[in-house]
Amino acid sequence: MWIQNNTYFHFLCAALLTAAAYLLGLSGGFYFDDEWNILSNQALMLDSLGFRGLWDAAFSGTAGPLGRPLAMLSFALNYVFFGFDPFYFKLVNLFIHVLCGVTVYAIALSLSECLRGIPIPRRRLFAFLVMLLWLLHPINLTTVLYPVQRMAGLSALFTLLGLLAYVRARQLVGRERVVARSVLFVISFVVCWPLALASKENAVLFPAYLLLLEFLFLRFRAAGEQRVSRPLVYSFVGFVLIPGILVVAYFLLFPDWILNGYGRRDFTFSERLFTEARVIMYYIGQIFLPINSSLGLFHDDFVVSKSIFSPWTTILSVVTLAASLVGALIYSRKFPVVVFGVLFFLVAHLLESSVFALELVHEHRNYLASFSVLFAVAYGLVTGTEKTVRVRAFAAVCLIAFFGITTMTRAAIWGEPVFHVVSEVSNHPQSPRANYGMGKQYAIYASSLEASPQKKEALDSAALYFGKSAELRESYTDGLFGLLMMEGLEGYEMESGHFNELLFRLANAPFSYNNFNYLNSLFQCLEQGDCTIADAKLKEIISACQENDGFSGKHGKRLLVRYKRFLK
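In short, a report on the structure. (Residues numbered from 1 in each chain as written. Predicted model: local features only at pLDDT ≥ 70, side-chain atom pairs only at ≥ 80, totals over all residues. Heavy atoms only, no water.)

**Structural notes on the overall build of the chain**
Then comes step 1: A count of helical and extended segments in the chain gives 26 helices and zero strands.
Then comes step 2: On the principal axes, the C-alpha backbone points of the chain span a range of 80 × 55 × 50 Å.
Then comes step 3: The buried share among the 568 residues of the chain stands at 51%.
Then comes step 4: Surface accessibility of the chain: about 26,200 Å² in total, with carbon and sulfur atoms responsible for 65%.
Then comes step 5: Of the charged side chains in the chain, 46 are positive and 40 negative, and the gap between their average positions amounts to 15 Å. (Helix = DSSP H or I, 4+ residues; strand = E, 2+ residues; numbered from the N terminus. Buried < 20%, exposed > 50% of the residue type's maximum accessible area, 1.4 Å probe, protein only. Areas by Shrake-Rupley, 256 points an atom, 1.4 Å probe, with all protein chains shown as cover. Lys, Arg positive; Asp, Glu negative; His and termini not counted. Charge placed at Lys NZ, Arg CZ, Asp CG, Glu CD.)

Quick look at the structure:
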């Protein structure tokens with residue numbers, strides 16, 4: 001009984017188990033987008049904590065329309081105290097993860113007051129189970145061990161804190177604690193929500209989460225009352241439903257503000273919508289049965305749905321999701337927890353798994369979304385007859401152990417950079433980025449060797465994987481830029497066929513933002529004197545870029561200025 005109801009024991013146990021699961025992964029390195037957002041960002045490299053430097057660092061981000069200043073500021077502080085040591089970037093992420101888990105516990109405990117199926121003595125046990133399942137789930141690993149995904153972690157933390165403050169404030173309505181209630185509402189809307197938005201823009205869904213909590217648990221009523229509060233209903237209509245309808249109407253009337261983003265993608269609007277139905281089902285499968293061989297840092301090998309019938313799993317996914325949504329609306333009063341698991345998960349994917357021209361699959365998109373699913377799983381494990389208590393307790397222990405061991409195994413692989421890239425390319429052999437990562441690892445190894453047959457062999461292996469990366473996706477330039485950088489750094493001549501293919505893709509393929517990143521890295525290497533590229537080749541590269549309509553905007557202008565400055 002003491003263990004079941006001791007909150008401090010629950011927090012300590014959860015923190016220790018989570019630390020144990022992730023400890024071996026903290027020694028890993030930086031990955032992919034870390035290069036552009038962190039390592040190559042000069043504004044983060046501060047010598048002191050002066051206001052001007054911190055301000056510039058905070059607003060140096062290029063991800064998302066807001067630049068994610070809070071996350072960027074945290075990266076700058078990491079650098080000031082620990083330099084670019086990936087261990088401390090991951091350690092801070094782990095600390096944020098544990099704080100998120102504690103907040104998940106508090107939310108689950110607060111919501112349990114609205115659930116008749118959970119007896120009072122089991123409420124803390126229920127919250128403890130939700131926290132453990134969420135903290136130890138393998139699908140949340142990328143948000144912790146992929147440094148740049150602190151953006152997702154911080155956004156989730158402040159979103160969860162905002163939800164908690166709102167729920168506690170609502171539970172004080174009718175109890176004559178006006179000041180405490182007002183302070184909590186201010187914390188929710190004026191403090192937590194803006195901080196979540198400053199970490200990542202998907203926090204714009206915060207009001208929709210509140211609407212779900214009202215609809216399923218709080219019921220738009222004051223504590224102890226049965227009458228619906230009309231002012232509260234009207235406020236949600238004005239605050240959530242009307243803005244949502246206006247956004248949808250604006251998209252229908254002026255679709256170009258979304259459709260234009262597909263100019264940088266090698267899939268269409270309809271292809272993304274059909275594919276995301278399968279992606280959502282893939283996420284659900286990984287939440288219920290996470291398998292390390294199918295999880296990964298990169299999922300650019302995910303097959304695009306060319307129509308609602310190709311592949312055939314597309315129509316099956318669309319029908320399943322539609323049926324789930326209809327069923328959730330019909331049975332919202334009878335099974336509120338299950339419906340919460342479905343609707344909160346789908347709402348959490350409204351931005352990143354819907355109409356916007358983002359990449360198709362990323363595990364960190366489930367960081368907040370998985371909370372509701374695991375909430376429903378935990379509810380099923382703590383409710384039921386006394387006859388099944390032992391069975392449910394055994395199932396809960398097995399599930400926690402399975403999640404923890406799976407995460408620990410995966411973290412151990414992530415903690416060893418060489419094993420990690422080998423694992424990624426073994427589990428996802430058709431992933432262009434996984435093959436690029438393997439090629440880069442061979443190139444790094446080759447750079448540590450003196451001229452020898454062993455060095456030549458390492459460079460040949462790097463070229464092999466870079467070439468395969470280029471073959472796997474007709475629009476990607478990752479592997480081709482890898483070959484170009486090997487020529488500049490090691491004098492390993494890039495084949496003319498590969499160079500011509502690079503020029504063709506830069507001129508004709510969708511011009512992704514990664515192209516700007518690779519070009520900036522190339523110029524940085526040239527400016528620092530670390531590599532050499534023939535002027536004629538450099539001119540051809542810039543000319544090819546200028547042929548592409550996607551080589552535009554501030555990024556294109558900055559590169560042209562940088563090129564002209566380099567020529568001088």
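Moving on from the coordinates now.
**A few points about helix α26 (residues 553–567)**
Then comes step 1: Helix length check: α26, at 15 residues, gives a terminal C-alpha distance of 22 Å against a target of 21 Å (1.5 Å per residue), a fit within 8%.
Then comes step 2: Inspection of α26 places Gly556, Leu559, Arg562 and Tyr563 among the buried residues, and these make up the whole buried set. Considered in projection along α26, the buried side chains sweep an arc of 125° and stay on one side of the axis. Along α26, the residues that are exposed and aim more than 90 degrees away from the buried face are Lys554, Lys557, Arg558, Lys564 and Arg565.
Then comes step 3: In this fold, the buried residues of α26 make contact with α24 (513–527) and α25 (535–547). (Expected span 1.5 Å × (residues − 1). Arc of directions from axis to C-beta. Contact = heavy atoms within 4.5 Å.)

**Some points on the state of the cysteines**
Then comes step 1: Overall, the coordinates contain one disulfide when judged by the stated rule.
Then comes step 2: Each disulfide pairs two cysteine sulfurs, and for Cys525 the partner residue is Cys531, the sulfurs being separated by 2.1 Å. In this structure, Cys525 and Cys531 share a single accessibility class: buried.
Then comes step 3: Cys13 takes part in no disulfide bond, and the closest cysteine sulfur to it belongs to Cys398, at a distance of 16 Å.
Then comes step 4: Among the residues examined, Cys13 registers a relative accessible area of 21% and is labelled partly exposed.
Then comes step 5: Of the residues examined, Cys398 reaches a relative accessible area of 35% and is grouped as partly exposed. (Disulfide = S-S within 2.5 Å.)

**With respect to the packing of aromatic side chains**
Then comes step 1: Inspection of every chain in the model, using the stated rule, returns 51 aromatic pairs.
Then comes step 2: Here the aromatic cluster, defined as three or more aromatic residues joined through ring pairs, consists of Phe126, Tyr209, Phe217, Phe340, Phe344, Phe371, Phe375 and Tyr379.
Then comes step 3: The side chain of Arg264 reaches across the aromatic face of Tyr513, ending 4.6 Å from its centre.
Then comes step 4: Sitting over the face of the ring of Phe499, Lys537 holds its NZ or CZ atom 5.0 Å from the ring centroid. (Phe/Tyr/Trp six-rings, centres within 6.5 Å; stacked < 30°, edge-to-face > 60°. Lys NZ or Arg CZ within 6 Å of the ring centre and 35° of its normal.)

**Thoughts on helix α17 (residues 370–382)**
What sets the pattern is the α-helix's 3.6 residues per turn: residues three or four places apart point alike.
Then comes step 1: With 13 residues, α17 extends 19 Å between its outermost C-alpha atoms, agreeing within 8% with the 18 Å of an ideal straight helix rising 1.5 Å per residue.
Then comes step 2: For α17, the tally of buried residues reaches ten of 13 residues, placing the bulk of the element in the interior.
Then comes step 3: Taken residue by residue, α17 has Ser370, Phe371, Ser372, Val373, Leu374, Phe375, Ala376, Ala378, Leu381 and Val382 as its buried positions.

**Thoughts on the nonpolar core**
Then comes step 1: Counting 161 residues, the largest nonpolar core has Phe217, Phe371, Phe375 and Met486 as its most contacted members.
Then comes step 2: No other element matches the eleven residues that helix α7 (residues 123–136) contributes to this core. (Core = buried A, V, L, I, M, F, W, Y, C linked by side-chain atoms within 4.5 Å.)

**Here's the deal with the pattern of salt bridges**
Then comes step 1: Per the counting criterion, the structure on display carries 16 salt bridges.
Then comes step 2: With a shortest N-O distance of 2.9 Å, Arg410 and Glu363 are connected by a salt bridge. Here Glu363 lies in the loop between α16 (336–348) and α17 and Arg410 lies in helix α18 (residues 389–414), a separation of 47 residues in the sequence.
Then comes step 3: A relative accessible area of 4% means that Arg410 is categorised as buried.
Then comes step 4: Among the ionic pairs, Glu527 bridges to Arg562, the shortest N-O distance being 3.0 Å. Here Glu527 is found in helix α24, whereas its partner Arg562 is found in helix α26, with 35 residues between them in sequence. (Salt bridge = Lys/Arg side-chain N within 4 Å of Asp/Glu carboxyl O.)

**Concerning unusual backbone geometry**
Then comes step 1: Pro311 follows Ser310 through a cis peptide bond whose omega is 0°.
Then comes step 2: The phi angle at Phe32 is positive, at roughly 30°, despite the residue not being glycine.
Then comes step 3: Tracing the sequence through the fold places Phe32 in the loop between α2 (7–22) and α3 (33–39).
Then comes step 4: The class of Phe32 is buried, set by a relative accessible area of 15%.

**Structural notes on the environment of Val104**
Then comes step 1: With respect to the secondary-structure elements, Val104 resides in helix α6 (residues 86–112).
Then comes step 2: Look past the residues within four positions of Val104 in its chain and what remains in contact with it is Val130, Met131, Trp134, Leu160 and Phe371.

**Observations concerning a nonpolar patch on the surface**
Then comes step 1: On the surface, Val179, Val183, Val186, Ile187, Val190, Val191 and Leu195 cluster together into a nonpolar patch covering about 550 Å² of accessible area.
Then comes step 2: Structurally, the position occupied by Val190 is in helix α10 (residues 178–197).
Then comes step 3: Residue Val190 is classed as exposed on the basis of its relative accessible area, which comes to 57%. (Patch = residues over 30% accessible without salt bridge, like charges linked within 9 Å, V, L, I, M, F, W, Y side chains within 5 Å.)

**Things to note about the environment of Ser294**
Then comes step 1: Note that Ser294 resides in the loop between α14 (269–288) and α15 (313–330).
Then comes step 2: Separated by 114 residues in the primary sequence, Ser294 and Met408 have C-alpha atoms spaced 16 Å apart.
Then comes step 3: Apart from residues no more than four positions distant in its own chain, Ser294 is found in contact with Tyr282, Gln286, His299 and His428.

**Quick look at the side chain of His97**
Then comes step 1: As for its position among the elements, His97 is in helix α6.
Then comes step 2: At a separation of 2.9 Å, a polar atom in the side chain of His97 contacts the main-chain carbonyl oxygen of Leu135.
Then comes step 3: Apart from residues lying up to four places away in sequence, His97 is in contact with Thr18, Tyr22, Trp134, Leu135, Asn140, Val144 and Tyr367. (Polar contact = N/O pair within 3.5 Å; in protein donor to acceptor, adjacent residues only side chain to side chain.)

**A short note on the environment of Asn500**
Then comes step 1: Note that Asn500 resides in helix α23 (residues 496–508).
Then comes step 2: Residues Asn500 and Ile541, spaced 41 residues apart in sequence, show a C-alpha to C-alpha distance of 9.7 Å.

Fair warning: the whole summary comes from geometry, so function is off the table for now.
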